Amino acid sequence: MAHRVDAPAKLTLRLKVVGRRYDGYHLIEADIVALSLTDTVEIGRTDSGTRVQMFGDPPVGEATRYCVPVDSSNSVVRALDFLGVDADVEVRKRIPFGAGLGGGSSDAAALLRAFGYCGDPSAAIALGADVPASLVGGHVRVGGIGDLVTPLVEHAGTYVLFVPNFSISTAAVYQAFDHLGSDGGENDLYRAACSVEPRLSGLAGELTRRFGYPMRLAGSGSTLFVEATLEDLDVEPQHLDGHIAVGTLESIVGPVVVIECHSIPRSVSGDGRQ
């Protein structure tokens, strides 16, 4: 019988780059919340080796944006190797790739939880920088290279995400950061992300003028967000889907998916370990 588990997106509310480790990895301090926007991971036992399938299942938009290759770089494949198990896994992707929302890391963390992983969350850094935070879940402060996770008092917030039709490479953003540094905002990577993808700056300016809220960057991008509701922004949702409301808008960079979602607590998004 298949076991189904949700894999929540993560939203970085604050990110500071505080140094470099001996091996070149950037050291960060970040505050992160888990969101009601989720992928769905379904796991079944198998006698014929591992099989992983990824399906785009977006609330709106093209499914191709929501899929990633199923190869040795895939976070789910790597999580199964980490656990040393075979399984038949299907992932329904609703968190877009390259959007700064940690979809791949959350998928890996969901798989670890489904198999009852009881190890130190920091060990899961081998699967990706956001996996330990996703494994703990809820509202957390992250340090080191993502391996140091401290649970915080739960943060009840509602957010509107603006997801453009382009992705941004995290590695490229950190490389740009080394040359450009921070602009002093809440996310040290914003200037670098705009350098890597100039359309991001134009979109942020347009959305700020349109809605009167300063846009914030999710992780290394490409998602922009505000802590507000669609009603606050006077935007009518086109589709209600579980714990999210979804719409689209036209912008100078093309269509943008607009998602209202809320933070979810550790008891829902993680395994409750303190």
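Scroll up to find the structure this text is about.
What comes next concerns the included structure. Note that the structure is predicted; figures quoted are calculated from it, not measured. (Residues numbered from 1 in each chain as written. Predicted model: local features only at pLDDT ≥ 70, side-chain atom pairs only at ≥ 80, totals over all residues. Heavy atoms only, no water.)

1. Here we look at the overall build of the protein
Line of reasoning, step 1. On a plain count of helices and strands, the protein comes out with seven helices and 12 strands.
Line of reasoning, step 2. For 274 residues, the compact-globule estimate of 2.2 N^0.38 gives 19 Å, and the C-alpha radius of gyration of the protein, at 18 Å, lies within 12% of that figure.
Line of reasoning, step 3. Its C-alpha atoms put the protein at 55 × 45 × 35 Å along the principal axes.
Line of reasoning, step 4. Per-residue burial over the protein gives 51% buried out of 274 residues.
Line of reasoning, step 5. Here the analysis covers contacts within the protein between residues at least 6 apart in sequence; of these, 69% occur between residues at least 24 apart.
Line of reasoning, step 6. Summed over its atoms, the accessible surface of the protein is roughly 12,000 Å², and 50% of this surface lies on carbon and sulfur atoms.
Line of reasoning, step 7. Of the side chains in the protein, 22 bear a positive and 34 a negative charge, and the two mean positions are spaced by 3 Å. (Helix = DSSP H or I, 4+ residues; strand = E, 2+ residues; numbered from the N terminus. Rg over C-alpha atoms; globule rule 2.2 N^0.38 Å. Buried < 20%, exposed > 50% of the residue type's maximum accessible area, 1.4 Å probe, protein only. Contact = heavy atoms within 4.5 Å. Areas by Shrake-Rupley, 256 points an atom, 1.4 Å probe, with all protein chains shown as cover. Lys, Arg positive; Asp, Glu negative; His and termini not counted. Charge placed at Lys NZ, Arg CZ, Asp CG, Glu CD.)

2. Structural notes on the packing of helix H1 (residues 75-83) against helix H2 (residues 103-114)
Line of reasoning, step 1. Closest axis-to-axis distance for the H1/H2 pair is 8 Å, and the angle between their directions is 30°. The angle between the axes of H1 and H2 places the two elements in the roughly parallel class. Crossing hand, H1 versus H2: right-handed. When H1 is examined against H2, the residues Ser75, Val76, Ala79, Leu80, Phe82 and Leu83 are found in contact with a partner set consisting of Gly104, Ser105, Asp107, Ala108, Leu111 and Leu112. (Axes fitted to C-alpha atoms, helices over the stretch in contact; angles between N-to-C directions. Parallel < 35°, antiparallel > 145°, perpendicular 65-115°, else oblique. Left-handed = near helix turned anticlockwise from the far one by under 90°.)

3. Some points on the environment of Lys93
Line of reasoning, step 1. Along the chain, Lys93 falls in strand E4 (residues 88-93).
Line of reasoning, step 2. Residue class for Lys93 comes out buried when judged on its relative accessible area of 3%.
Line of reasoning, step 3. Considering only alpha carbons, one finds Lys93 and His155, 62 residues apart in sequence, at a separation of 25 Å.
Line of reasoning, step 4. Apart from residues no more than four positions distant in its own chain, Lys93 is found in contact with Asp39, Met54, Phe55, Gly56, Asp57, Pro58, Tyr66, Gly103, Gly104 and Asp107.

4. Digging into the pattern of salt bridges
Line of reasoning, step 1. With the rule as written, the count across this model stands at 14 salt bridges.
Line of reasoning, step 2. A salt bridge links Asp130 to Lys10, with the nearest nitrogen and oxygen atoms 3.5 Å apart. A residue pair is termed long-range when its members are at least 10 positions apart, and Asp130 in the loop between H2 and helix H3 (131-136) and Lys10 in strand E1 (residues 3-20) qualify at 120 residues.
Line of reasoning, step 3. You can call Lys10 buried: its relative accessible area is 9%.
Line of reasoning, step 4. A salt bridge links Lys93 to Asp107; the nearest nitrogen and oxygen atoms lie 2.9 Å apart. Of this pair, Lys93 sits in strand E4 while Asp107 sits in helix H2, placing them 14 residues apart in sequence. (Salt bridge = Lys/Arg side-chain N within 4 Å of Asp/Glu carboxyl O.)

5. Some details on unusual backbone geometry
Line of reasoning, step 1. Following Gly221, the chain continues to Ser222 via a peptide bond in cis, the omega torsion being 20°.
Line of reasoning, step 2. Positionally, Ser222 belongs in the loop between strand E8 (216-217) and strand E9 (224-226).

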